[in-house]
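If you want the building blocks of each chain, they are given just below.
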Amino acid sequence: MLATVVKLIARRLLAAVPILLVVSALLFCVLRLLPVDPAAMSLPPTATIAQIEAKRREMGLDRPLPEQYAMWLKAALHGDFGRSIQFGRQAGGLVAASLPATIELAAAAMILAAILGFGGGLLLFHLRGTLFESIADLGSILLLSIPEFLWGLILLFVFGVVLHALPFTGEVSPNLPQPDITGFILLDSLLVGRFDVFLSACRHLILPAFALGLAFSPTIMRVLRSSLFDIYHEDYIQQARLRGLSETQILLRHALKNAILPTLTLAGVQFGILFSGTLLVEVIYSYPGMGNLMVDAVRNADLPLIQAIALTYCIVVLIINTLVDALHIVLNPKLRTH
Amino acid sequence: MSVLQARDLTISARLGGTVVTVIRSLSFDLEPGKIIGLVGESGAGKTMIGRAIAQVLPPGFAITAGSLLFGGDDLVTMAPDRRRALLGRAIAFIPQAPMTALNPVKTIGAQFDEHLSRLGQRGRQQRRERALAMLAASGLPRPEGLLAQYPHQLSGGMCQRVLIASAFASNPRLVIADEPTTALDATTHRQILRLIAAMQREHATAVIFITHDLRLAADLCDDIIVLYAGRPVESGPARAVLSAPAHPYARCLQLANPSMSAQRRALYVMPDQMPSLRQMQTMSGCSFAPRCPLAVEECRRNEPPAVSVAAGHVVACSRAAATPSIDVRESAPSMPDEAARNVLQVVNLAKRYGVGRGLFNEATTVAAVKDATFDIGENEFVALVGESGSGKSTVAKMLVGLERPSSGKILFNGDDLTEPALRNRSRVAASVQMIFQDPRSALNPRRRIASIVTQVMEAGHRHARWDERQKRSQQLLGEVGLAADFAARLPDHLSGGQRQRINIARALCIPPRLLIADEIVSGLDVSIQAQLLNLLARLRAELGFAMLFISHDLSVVRHLCSRVLVMYRGEIVEQGRTETVFGDPHHPHTRALVAATSPQA
């Protein structure tokens, strides 16, 4: 099993090279097609045409596109993604500083989506053939049609504005210090022993994580239910019943482990979407993650920063897909070579 | 005292507002250590009886009358918890499809352990030892290694042995085996039956053996009940029912089955098919009357009474005295003489697959077909037999161009089909047609029959007009014996036998020179099989075509084909005239195949 997993990861690493090359080249071309001039933007509005021209030469913008890409690629391979136009700092550094917050948010949302999705899926399955089935079904479709930003606004309004139950801006309360060791605030606050900071960070995480989790749980719910439906038509479920196993034992010991496989496939795809869903939610909750950074960058046509962030999204999705496939090998004996 | 007593057991189903009787008044006594056979074609309701015992009937089905006394307690009225406590302990089941009856994500060991711990066996180590002992007793080699394996790593026969071991692990008083060999290879049939019989003797278990095969049941069982459309039509000692069937249906069934040893004869063809649940609602009198050669007006009016023809031999027919008079009038289908010329010549055909080719592995190849050389004459039916995985289907796929041969030649009318010229391929495509094994998955469920059977008219440069296709589909339906109104139907509304007729009709659309038929009658009921075999013989006489008939059923092969090729592990190990090969097999594998076919067959 371990050998198969290692082999998979090695294969994915190799495949990632051409994928990243193509994505970065596409990004580079598309961004150069935008009607913005990075040279002009990085100079004060009073700059003369000659100054802008000089800046363009300095930035290499007068060379042919392939050459510009080659230059960018060479620098990027050395970890240099260029200087952010609006912040004047290294784009790579900016991304690295905001990535942990987004990862924390996405992970919390995914855990919530999994819990809600599994619970809901089991409930939906349990209600099959009863009067509540169609009501629950309708409910899950309703949930399915609410996107994460709408959840964000609803939760913010209800729990933040009306009930004053939870904070809805930023990562921690502004009067508290923000320790920075690994960049992950939940981890860092514990490392420095500031339990109050940890608690505050958790409270700040609740609303955005729920907004994302609620939006992505209905798909998991419905896939789990329908794969359970399929599996209950399988012979081994009938055979377990004929061996005298109770319905609870059949569900927990036989059905669930099989139903998880298709659900996991979907959850993997969903996590990629969820990760990009953090963007809007971060904006709504002023969460200092990569999403907010991206919106800033787009608004200011900060090309180097956009490029760095987009590539980071791509890498994260590649890593998640690999992890999900590795998990598949662990859970599905048919995928292991024998 | 009887292990199980069924008294007037009646099962009904709710069908669109009305109630239909699925099983009517079934009564039997099963004594300890005896095997009772429930025999019937699909739709006869035989599986319902096993499900009734466990009370796991499909939604809408319920026991509406009668009782099932198990050791004095009525399973019908018993509290669900008490019945569940009996399942897996005192009552065990051996399933029809062993490959899917084991949980695919759990090891054999884990599943066996779960079962033993439910039986109350304490201690992981003790359970392991008991599992090993049971698996070894079921004839499984190296059971230690088996415990760590997953079901997909085992063959069907091995899975069934595991399930048999698990069924007998609790020393049950009653075992219900529902078509336990149907999904397995012909060569494993015998071994599995022998294992069930040995386990049954050793544990003195009473067994209900559910099967569609009268001969198989007679071989294994003490008593037999023949079911037709949910009615027990004949019951009695197995030998008596087989040697002197008293019900016309049992007699017809026997005559519909091709024989392995007796003189070749034509097959008895019962018209139509067993009435469906829906049709049964509106029927009166004997449910077999519409297909019965002896039926008189009386049969259609009143349900026939059960009469005793010998000690313990009961038949529900008022015309039973005339049953032995039912016979086949036509003579056996004629076999063409040695063909003047060959339509197909296969020379040193081989197919190798690369396996384990990856980043870190050396490429290795597995030979699926090695050096196959044979020919098929004009109008000749040649059989290709062998167990699953022997390469039969690969040969078929190469002949129709679904697989590319690794080496060798396929000469069709002198043209080499292995030549890459595409033009050549499309020209022969119309003359070589394939009929697939599973008629359900071979027919596009969203197309009407008229469009399915004339599919080949869409191919190539000539796009036929719709009215042309409509006309052709009517002719084709007539040729395969289906009513013209089938043209507008969808495949889902057809029975298995009708679907296979559609499959055959499609292959005939542009009259073929060569048909490749891959197990086209396996999985079909005996009466439907007889209809199809006669249809193929008739079509050859009318249209004239050669056929490569892939099958595992030697008696069918003997009935239909003049020559036979025996494949074993990718090689054709023996070929010759059917009578010669089956009468005096030379290769050990051919001998095993012949021996696996029941001697009475």
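Residues numbered from 1 in each chain as written. Chains lettered and ligands numbered in written order. Predicted model: local features only at pLDDT ≥ 70, side-chain atom pairs only at ≥ 80, totals over all residues.

Some points on the overall build of chain B
Consideration 1: Along chain B, the regular secondary structure elements total 22 helices and 22 strands.
Consideration 2: By the compact-globule yardstick of 25 Å for 601 residues, chain B fits well, its C-alpha radius of gyration being 26 Å.
Consideration 3: Residues counted as buried form 46% of the 601 residues belonging to chain B.
Consideration 4: Considering only residue pairs separated by 6 or more positions, chain B has 69% of its internal contacts joining residues 24 or more positions apart. (Helix = DSSP H or I, 4+ residues; strand = E, 2+ residues; numbered from the N terminus. Rg over C-alpha atoms; globule rule 2.2 N^0.38 Å. Buried ≥ 20, exposed ≤ 12 C-beta atoms within 10 Å, placed from the backbone. Contact = placed C-beta atoms within 7 Å.)

Notes on the overall build of chain A
Consideration 1: Helix and strand content of chain A: 13 helices and zero strands.
Consideration 2: The linear arrangement of helices and strands in chain A, starting from the amino end, is α-α-α-α-α-α-α-α-α-α-α-α-α.
Consideration 3: For chain A, the spread of C-alpha atoms along the three principal axes comes to 85 × 55 × 40 Å.
Consideration 4: By residue count, 33% of the 338 residues in chain A fall in the buried class.
Consideration 5: In chain A, the proportion of contacts linking residues at least 24 apart, taken out of those at least 6 apart, comes to 71%.

Focus on the sheet that holds strand β18 (residues 432-435) of chain B
All names here are of chain B.
Consideration 1: Strand order in the open sheet formed by six strands is β18-β19-β20-β15-β21-β22, with mixed pairing between adjacent strands. Only two strands of the sheet have a single neighbouring strand rather than two, namely β18 and β22 (571-577). In this sheet, neighbouring strand axes are inclined to one another by 15 degrees on average, regardless of whether the strands run parallel or antiparallel.
Consideration 2: Pairing between β18 and strand β19 (residues 514-518): four bridges, direction parallel. For V432, the partnering residue across the bridge sits in β19 and is L514. (Pairing = 2+ DSSP bridges. Axes fitted to C-alpha atoms, helices over the stretch in contact; angles between N-to-C directions.)

Observations concerning the pairing of strand β8 (residues 206-211) of chain B
Residue and element names in this part refer to chain B.
Consideration 1: Among the six residues that make up β8, six are buried, leaving the element largely enclosed by the rest of the structure.
Consideration 2: Covered by surrounding structure in β8 are A206, I208 and I210 together with V207, F209 and T211, the residues of both alternating faces.
Consideration 3: Pairing of strand β7 (residues 174-178) with β8 involves five bridges; the strand directions are parallel. If you follow I176 over to β8, its bridge partner there is I208.
Consideration 4: Following the chain from β7 across helix α7 (residues 186-203) to the adjacent parallel β8, one finds a crossover that is right-handed. (Right-handed = clockwise from strand over helix to strand, strands pointing away.)

Let's talk about the sheet that holds β8 of chain B
Residues and elements named next belong to chain B.
Consideration 1: If you walk across this open sheet you meet the eight strands as β6-β7-β8-β3-β9-β10-β12-β11, and the pairing is mixed. Only two strands of the sheet have a single partner each, and these edge strands are β6 (91-94) and β11 (307-310). Taking each pair of neighbouring strands and ignoring which way they run, the sheet shows an average axis angle of 20 degrees.

Some remarks on the confidence of the model for chain B
Consideration 1: Summary statistics for chain B give a mean pLDDT of 87 and a share of 95% for residues scoring 70 or more.
Consideration 2: Quick note on the complex model: pTM equals 0.83, ipTM equals 0.80. (pLDDT = per-residue confidence, 0-100.)

Brief notes about the nonpolar core
Generally speaking, nonpolar side chains in soluble globular proteins are found buried as a group.
Consideration 1: Core analysis: the largest hydrophobic core is formed by 245 residues, its most contacted members being I309 of chain A together with F209, A217, V226, L548 and F549 of chain B.
Consideration 2: Per-element accounting of this core gives the leading share, 18 residues, to helix α9 (residues 195-231) of chain A. (Core = buried A, V, L, I, M, F, W, Y, C linked by C-beta atoms within 7 Å.)

Quick word on the interface of chain A and chain B
Consideration 1: Taken together, the 21 residues of chain A in the interface contact 24 residues of chain B.
Consideration 2: Listed by contribution, the elements that provide at least two residues to the side of chain A that touches chain B are α1 (2-33), α10 (235-242) and α11 (247-284) of chain A.
Consideration 3: Per-element accounting of the side of chain A that touches chain B gives the leading share, six residues, to α10 of chain A.
Consideration 4: Here the residues of the side of chain A that touches chain B are counted per class, giving four nonpolar, eight polar and nine charged. (Nonpolar A, V, L, I, M, F, W, Y, C, P; charged D, E, K, R; others polar.)

Describing the environment of A75 of chain A
Consideration 1: Positionally, A75 of chain A belongs in helix α4 (residues 65-77).
Consideration 2: In this structure, A75 of chain A is in contact with D80 and G82 of chain A, ignoring residues within four places of it in sequence.

With respect to the domain arrangement of chain B
Residue and element names in this part refer to chain B.
Consideration 1: Here chain B is described as being made up of domain 1 (4-90 + 170-325), domain 2 (103-169) and domain 3 (342-596).
Consideration 2: Just the C-alpha atoms count here: the centres of domain 1 and domain 2 sit 31 Å apart.
Consideration 3: Looking at the side of domain 1 that touches domain 2 element by element, the count peaks at seven residues for α7.
Consideration 4: Taken together, the residues of the side of domain 1 that touches domain 2 break down into nine nonpolar, five polar and two charged. (Domains from an automatic or database assignment.)

A look at helix α3 (residues 108-118) of chain B
Consideration 1: Of all the residues in α3 of chain B, the buried ones are I108, Q111, F112, E114, H115 and L116 of chain B.
Consideration 2: In the core, the buried residues of α3 of chain B are packed alongside α11 of chain A together with α4 (124-137), α5 (143-147) and α6 (156-168) of chain B.
Consideration 3: Positive backbone phi, at 95 degrees, marks G120 of chain B, one or two positions downstream of α3 of chain B.

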